[in-house]
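Given next are the chains, with one letter for each unit.
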Amino acid sequence: MQKLRKIDCHVHLVGDGSAGSGCWFRLPGLWKKFLGRMMIKGVGLPTGLMKDGLDEAYAKNLVKQVKESSLDAVVALAQDIPYDERGNSMADEAQFYVPNEYVAKLAKENPEIIGACSIHPGRPDAMGELERCIEAGMPVLKLLPNCLNIDYSEKRFIPFWERMAEAKMILLSHTGGEMTVKVFDHAFSDPKKLEIPLECGVRVIAAHSAGRSGIFDMDWTADLLDMFKKYPQLYSDNSALCSINRARTLKHILPRGVNQRIIHGSDYPVPVSGLGPFLMGELSWSDYRETSGSKIPNIIERDYQLKKHIGFSADTFTRMDELLNEV
Ligand SMILES: [Zn+2]
């Protein structure tokens, strides 16, 4: 049997179109600009790239960081735009866009990159684009339902989920609170909304384990853990949990019975820090010091080391590869 790869299942691509990626981003307001700069700095790139040249520098830097880390590969995510109920584009409301073709191209060129497409199931060409992505060998589909205006409980999307299940595609869906991107409806990130895709037989990874991000967010982790009993093909990732605002979710997903459904993910380029886990009592002081930014500047590696010290079992790092092999 082939050795399973250690995979980070949740890594964002960002670009400015400067090298023809087709990507764009908008950072309205000072707070968003500050966050953007912090992330670019956090992955070790100069903030001057926010003005030009981000496409190539970001992708190259990502591949280099994966190669230098303990991981074998990352799932890199496309990002679609929101659509309204009639299938009209709402691109003006979006903050960033990463086309499927760009992600497919990067995945083809780099063995360290596994491509995840992103398709709003209500866009007029959804079924055709799904076929193109299946054809391109993209095994994962990523959606942020709260930011893309997607209500999973709508019956009209059923053929889309059925085709995904048939193609053994995995749905990586944001669940829980969100602070970085504009939200249309918070209720769309309730994991209970995922019942229709699950009933259609789609394997689903609930990103962030449905926990809170801001203080006033809903916390759906308990509901998600309940759903694990009913749906054997439901998983969740531990992405972005090495942060002050999300570390509270850790204790709910560490117990043994639950740990078996957890998949390792970072949410790169979101900052990674051991401070939240330390304050929650999930990380010792010495492990906190050993994983500081000055000791481990590569945030893909830092997130991996932190998750190990926090107590996520070895199989959480290889589970994504297990899912990818179930074809
Ligand atoms: Zn994310």
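Residues numbered from 1 in each chain as written. Predicted model: local features only at pLDDT ≥ 70, side-chain atom pairs only at ≥ 80, totals over all residues. Heavy atoms only, no water.

1. Observations concerning the overall build of the protein chain
In step 1: When you go through the protein chain residue by residue, the secondary structure sums to 14 helices and 10 strands.
In step 2: Expected size for 327 residues packed as a compact globule is a radius of gyration near 20 Å; at 18 Å, the protein chain falls within 12% of this value.
In step 3: When its C-alpha atoms are laid out on the principal axes, the protein chain stretches across 55 × 50 × 45 Å.
In step 4: Buried residues in the protein chain amount to 58% of all 327 residues.
In step 5: A separation of at least 24 residues holds for 78% of the contacts in the protein chain among residues at least 6 apart in sequence.
In step 6: About 13900 Å² of surface is accessible on the protein chain, with carbon and sulfur atoms providing 55% of the total.
In step 7: Seen as two clouds, the 40 positive and the 43 negative side-chain charges of the protein chain have centres 4 Å apart. (Helix = DSSP H or I, 4+ residues; strand = E, 2+ residues; numbered from the N terminus. Rg over C-alpha atoms; globule rule 2.2 N^0.38 Å. Buried < 20%, exposed > 50% of the residue type's maximum accessible area, 1.4 Å probe, protein only. Contact = heavy atoms within 4.5 Å. Areas by Shrake-Rupley, 256 points an atom, 1.4 Å probe, with all protein chains shown as cover. Lys, Arg positive; Asp, Glu negative; His and termini not counted. Charge placed at Lys NZ, Arg CZ, Asp CG, Glu CD.)

2. A word on helix α2 (residues 54–67)
In step 1: Counted at 1.5 Å a residue, the expected span for α2 with its 14 residues is 20 Å, and the 20 Å between its end C-alpha atoms agrees.
In step 2: Taken as a whole, α2 has its buried residues at L54, D55, Y58, A59, N61, L62, V63, Q65 and V66. (Expected span 1.5 Å × (residues − 1).)

3. As for the pattern of salt bridges
In step 1: Applying the stated criterion across every chain yields a total of 22 salt bridges.
In step 2: Between E129 and R132 there is a salt bridge, and its shortest N-O distance comes to 2.8 Å. Of this pair, E129 and R132 both sit in helix α4 (residues 126–135), 3 residues apart, roughly one helical turn.
In step 3: On the basis of relative accessibility, which here comes to 5%, the residue E129 falls in the buried class.
In step 4: Under the relative-accessibility criterion, R132 is labelled partly exposed at 46%.
In step 5: Of the charged contacts, one joins D190 and K192 as a salt bridge, the two residues approaching to 3.2 Å between their closest N and O atoms. (Salt bridge = Lys/Arg side-chain N within 4 Å of Asp/Glu carboxyl O.)

4. So, a nonpolar patch on the surface
In step 1: Together, W31, F34 and M38 make up an exposed nonpolar region whose accessible area comes to about 330 Å².
In step 2: One can find W31 in helix α1 (residues 30–42).
In step 3: Residue W31 is classed as exposed on the basis of its relative accessible area of 54%. (Patch = residues over 30% accessible without salt bridge, like charges linked within 9 Å, V, L, I, M, F, W, Y side chains within 5 Å.)

5. Comments concerning the packing of aromatic side chains
In step 1: Across all of its chains, the model carries 10 aromatic pairs by this definition.
In step 2: Cluster of aromatic residues (ring-pair linked, three or more members): Y152, F157, F160 and W161. (Phe/Tyr/Trp six-rings, centres within 6.5 Å; stacked < 30°, edge-to-face > 60°.)

6. Considering the pairing of strand β3 (residues 73–77)
In step 1: Counting buried residues in β3 gives 5 out of 5 residues, a clear majority hidden from the surface.
In step 2: The side-chain alternation of β3 yields two buried faces, one formed by A73, V75 and L77 and the other by V74 and A76.
In step 3: Inspection of the sheet shows strand β1 (residues 7–12) paired to β3 by 4 bridges, in the parallel sense. Note on β3: the bridge partner recorded for I7 is A73.
In step 4: In the sheet, β3 pairs with strand β5 (residues 113–117) via 4 bridges, with the strands oriented parallel. Directly across from L77, in β5, lies its bridge partner A116. (Pairing = 2+ DSSP bridges.)

7. Comments concerning unusual backbone geometry
In step 1: In this structure, the amide linkage connecting Y268 to the following residue, P269, adopts the cis form with an omega of 10°.
In step 2: Mapping P269 onto the fold places it in the loop between β10 (262–263) and α11 (275–279).
In step 3: Positive phi is not limited to glycine here, since K168 has a value of about 55°.
In step 4: Its place among the elements puts K168 in the loop between α6 (158–166) and β7 (170–174).
In step 5: Positive phi, close to 65°, is recorded for H208, a residue that is not glycine.
In step 6: With respect to the helices, strands and loops of the structure, H208 is situated in the loop between β8 (203–207) and α8 (221–230).
In step 7: A residue is classified by how much of its surface remains accessible, and H208, at 2% relative accessible area, is buried.

8. Examining the side chain of R261
In step 1: Residue placement: R261 occurs in the loop between α10 (256–259) and β10.
In step 2: With no salt bridge to any partner, buried R261 finds its closest opposite charge in E326, at an N-O distance of 10 Å.
In step 3: Apart from residues lying up to four places away in sequence, R261 is in contact with F228, Y231, P232, L234, Y235, S236 and R319.

9. Some words on the sheet that holds β5
In step 1: Read across the sheet, 8 strands follow the order β1-β3-β5-β6-β7-β8-β9-β10 without closing on themselves; strand pairing throughout is parallel. The sheet terminates laterally at β1 and β10, the two strands that pair on one side only.
In step 2: Bridge count for β7 against β8 is 5 bridges, and the pairing is parallel. Opposite L172, over in β8, you have I205 as the bridge partner.

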